[in-house]
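# Fold and geometry: a report
Each chain, letter by letter, is given below.
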Amino acid sequence: MPLDGRGLMRRMLGELGEAGYDYLAGIEIEYYIVRLDTDLVLPENAGFTPPPPQVSIFELGYQYLSEVRLDSVAGTLEAIRDGLSAIGLPPRSMEDEWGPGQMEFSFSPIGGLAAADAVVLFRSAVKQICQRRGLLATFMCRPALPNFFSSGWHLHESLLSPGDGRNVFASEDDYLSATGRQFVAGLLEHAIPMTVFATPTVNGYKRFRPYSFAPDRVCWALENRGTLVRVQGAPGDLNSHVENRMGEPAANPYLYMAANIAAGLDGIRRKLEPPAPVEADPYAAEAVPLPTSLAGAVAALAQDGFFRKAFGDTLVDYLLQMKRAELARHDAAVAENPPLEGQDVTDWEMNEYFEFY
């Protein structure tokens, strides 16, 4: 099945295994919880796409990890924790993030295909548990609500030796091994055409902004949240790994992870060396900018030969067709209903992504 994203990831994992490595991923996803103010849906609003539901704030933002804020959301977070634990996905951490009702969950590292499966189960379970409590969980990157900020999906990754489970990114005398640096080099080399797999919606590109803890260009660094690839580790640290900060919460996990595996493995096979890591301001670094729109990302993938060869013409052509259709609907809606001056997120984006994603 050439359009099977799960089958694609299984194939990429197979290629990785033939090269002598197993894949380990750490999942860290941000999302919003809001209160549903009414369950009334008028018949004229029941078509596709429906208007976004009326909502209000679930919890105040700017919480600085206040125990008062955390206590007020505890009942819901505990229900989500228990529900996730019941399906075999106990969270590693749950926190009330910066925005009003913005949450961040992380999970202990998960190996192989199960890592992507976990993301699908996580998002579905969270939305259903919240719905039963009169709430809406949305994995839309940047909702068009006052004082809301963008949410991201940070993908932590390392490769293991199948024989002994050793982390091959760890090094005794450096913060990342030679293999780890080659993996990083592959991620950076293929970052621009990879963007569609990591950020597949019109809305997700509102996140790539300077000084937003999200990347806006292709660079990497040690322990810097402003770069595309962040290395977490130290000499002798057995848990040294890389973190791709490109993704949005609504990304297809099979395509996102498969793209990372393919790009990183290419770096290893070709023994690529990454450019010097950023040591100062990543938003001032001389580096290739990330696409600023889905249209730009689609154009980059259309011109790319690497992912076409790795994933197959059928899947890439189909994805490009779907994304172009999405852009056409967006452009038609904006032409018919132009956004107000200063309006960052269009009404079409809220209709398309807010409730469904």
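Up top is the structure these notes are about.
Quick look at the structure, then. (Residues numbered from 1 in each chain as written. Predicted model: local features only at pLDDT ≥ 70, side-chain atom pairs only at ≥ 80, totals over all residues. Heavy atoms only, no water.)

### Side note on the overall build of the protein
This is how it is decided: Helix numbering and strand numbering both begin at the N terminus, where a helix is a DSSP run of H or I of at least 4 residues and a strand a DSSP run of E of at least 2. Note on classification: 1.4 Å probe, protein chains only; a residue is buried when its accessible area is under 20% of the maximum for its type, exposed when over 50%, partly exposed between these limits. Positive charges are assigned to Lys and Arg, negative charges to Asp and Glu, while His and the chain termini are left out of the count. For charged residues, the charge sits on one atom: NZ in Lys, CZ in Arg, CG in Asp, CD in Glu.
A tally of helices and strands in the protein yields eleven helices and ten strands. In the protein, which comprises 357 residues, the share counted as buried stands at 54%. Each charge class in the protein was averaged separately, 29 positive and 47 negative side chains, and the resulting centres sit 3 Å apart.

### Thoughts on the nonpolar core
Just so we agree on the cut-off: Within this scheme, the nonpolar core is defined by two criteria: the residues are buried Ala, Val, Leu, Ile, Met, Phe, Trp, Tyr or Cys, and they are joined through side-chain atoms within 4.5 Å. The criterion used for residue contact is that any of the two residues' heavy atoms lie within 4.5 Å.
Met9, Tyr23, Tyr31, Ile80, Phe122, Met257 and Phe311 are the most contacted members of the largest nonpolar core, which totals 97 residues. Broken down by element, this core gets its largest block of residues, eleven residues, from helix H7 (residues 253-269). Leave out the neighbours within four places in its chain, and methionine 257 touches Met9, Tyr23, Ala25, Ile27, Ala115, Ala116, Val119, Trp153 and Leu155.

### Structural notes on the environment of glycine 247
Assignment of secondary structure puts glycine 247 in strand E10 (residues 241-247). Apart from residues no more than four positions distant in its own chain, glycine 247 is found in contact with Gly152, Trp153, Ala198, Thr199, Arg207 and Tyr256.

### Some thoughts on the packing of helix H8 (residues 294-302) against helix H10 (residues 313-336)
What counts, and what does not: All axes here are fitted lines through C-alpha atoms, helices being fitted over the stretch that makes contact, and every angle between N-to-C directions spans 0 to 180 degrees. An angle counts as roughly parallel when it lies under 35 degrees, as roughly antiparallel when it exceeds 145, as roughly perpendicular when it falls between 65 and 115, and as oblique in every other case. Crossing handedness follows the turn of the near helix against the far one: under a right angle anticlockwise gives a left-handed crossing, and clockwise gives a right-handed one. Any residue outside Ala, Val, Leu, Ile, Met, Phe, Trp, Tyr, Cys, Pro, Asp, Glu, Lys and Arg is labelled polar, Gly included; the first ten of those are nonpolar and the last four are charged.
Remark: H8 packs on H10, axes separated minimally by 10 Å, with the N-to-C direction vectors making an angle of 160°. Relative to H10, the element H8 lies roughly antiparallel. By crossing handedness, the relation of H8 to H10 is classed as left-handed. Residues Leu294, Ala295, Val298, Leu301 and Ala302 of H8 lie in contact with H10, whose contacting residues are Val316, Leu319, Leu320, Lys323, Arg324, Glu326 and Leu327. Grouping the amino acids of the contact of H8 with H10 by side-chain chemistry returns nine nonpolar, no polar and three charged.

### Some remarks on the pattern of salt bridges
Formally: The salt bridge criterion pairs a side-chain nitrogen of Lys or Arg with a carboxyl oxygen of Asp or Glu, the two atoms within 4 Å.
Across all of its chains, the model carries 18 salt bridges by this definition. Arginine 230 is the partner of glutamate 223 in a salt bridge, and the nearest nitrogen-oxygen pair spans 2.8 Å. A residue is classified by how much of its surface remains accessible, and glutamate 223, at 41% relative accessible area, is partly exposed. With its nearest N and O atoms 2.7 Å apart, the salt bridge here joins arginine 245 to glutamate 243. Look at the salt bridges and you will find they share partners, linking Glu223, Arg230, Glu243 and Arg245 into a network.

### Observations concerning the packing of helix H1 (residues 5-18) against helix H4 (residues 113-131)
Interaxial distance between H1 and H4 falls to 10 Å at its minimum, and their mutual angle equals 155°. On the basis of their axis angle, the class for H1 and H4 is roughly antiparallel. Read as a crossing pair, H1 and H4 show a hand that is right-handed. Facing H1, whose interface residues are Arg6, Met9, Arg10 and Leu13, H4 presents Leu113, Ala116 and Asp117. Its residues assigned to classes, the contact of H1 with H4 shows four nonpolar, no polar and three charged.

### Looking at the packing of aromatic side chains
The following threshold applies: Working definition: a ring pair exists when centres of Phe, Tyr or Trp rings (six-membered ring for Trp) sit within 6.5 Å. Plane angles under 30 degrees give stacked, over 60 give edge-to-face, the rest tilted.
A full pass over the atoms with the stated rule returns 19 aromatic pairs. With a centroid separation of 4.7 Å and an interplanar angle of 90°, the aromatic rings of tryptophan 153 and tyrosine 256 are classed as edge-to-face. Of this pair, tryptophan 153 sits in strand E7 (residues 153-160) while tyrosine 256 sits in helix H7, and the two are 103 residues apart along the sequence. On the accessibility criterion, tyrosine 256 (0% relative accessible area) is buried. Through successive ring pairs, a cluster of aromatic residues spans Tyr31, Phe105, Phe107, Phe122 and Phe139.

### With respect to the side chain of histidine 241
To keep it simple, the criterion reads: Any N or O atom pair separated by 3.5 Å or less is treated as a polar contact, with the protein-specific requirement of one donor-capable and one acceptor-capable atom, and with residues adjacent in sequence counted only for side-chain atom pairs.
Topologically, histidine 241 is positioned in strand E10. Classification of histidine 241 by relative accessible area gives buried; the value is 17%. Side-chain polar atoms of histidine 241 contact the backbone oxygen of asparagine 239, separated by 3.0 Å. Once residues within four sequence positions are removed from consideration, histidine 241 is found in contact with His156, Glu157, Ser158, Phe169, Arg230, Val231 and Gln232.

### A short note on the pairing of strand E1 (residues 22-36)
The cut-off we apply is this: The pairing criterion is simple: DSSP has to find at least two bridges between the two strands.
Extensive coverage of E1 is indicated by the burial of eleven of its 15 residues. Bridge count between E1 and E7: eight bridges; the pairing is antiparallel. Across the sheet, residue isoleucine 27 finds its bridge partner in E7, namely leucine 155. Pairing between E1 and strand E5 (residues 110-111): two bridges, direction antiparallel. Residue pairing across strands places alanine 25 opposite isoleucine 110, the latter belonging to E5. Direction of pairing for E1 relative to strand E4 (residues 102-106): antiparallel, over a ladder of five bridges. Bridge pairing in E4 links tyrosine 32 to glutamine 102. Two strands pair when backbone bridges link them, and E1 and strand E6 (residues 135-138) are joined in this way by four bridges, in the antiparallel orientation. Across the sheet, residue isoleucine 33 finds its bridge partner in E6, namely alanine 137.

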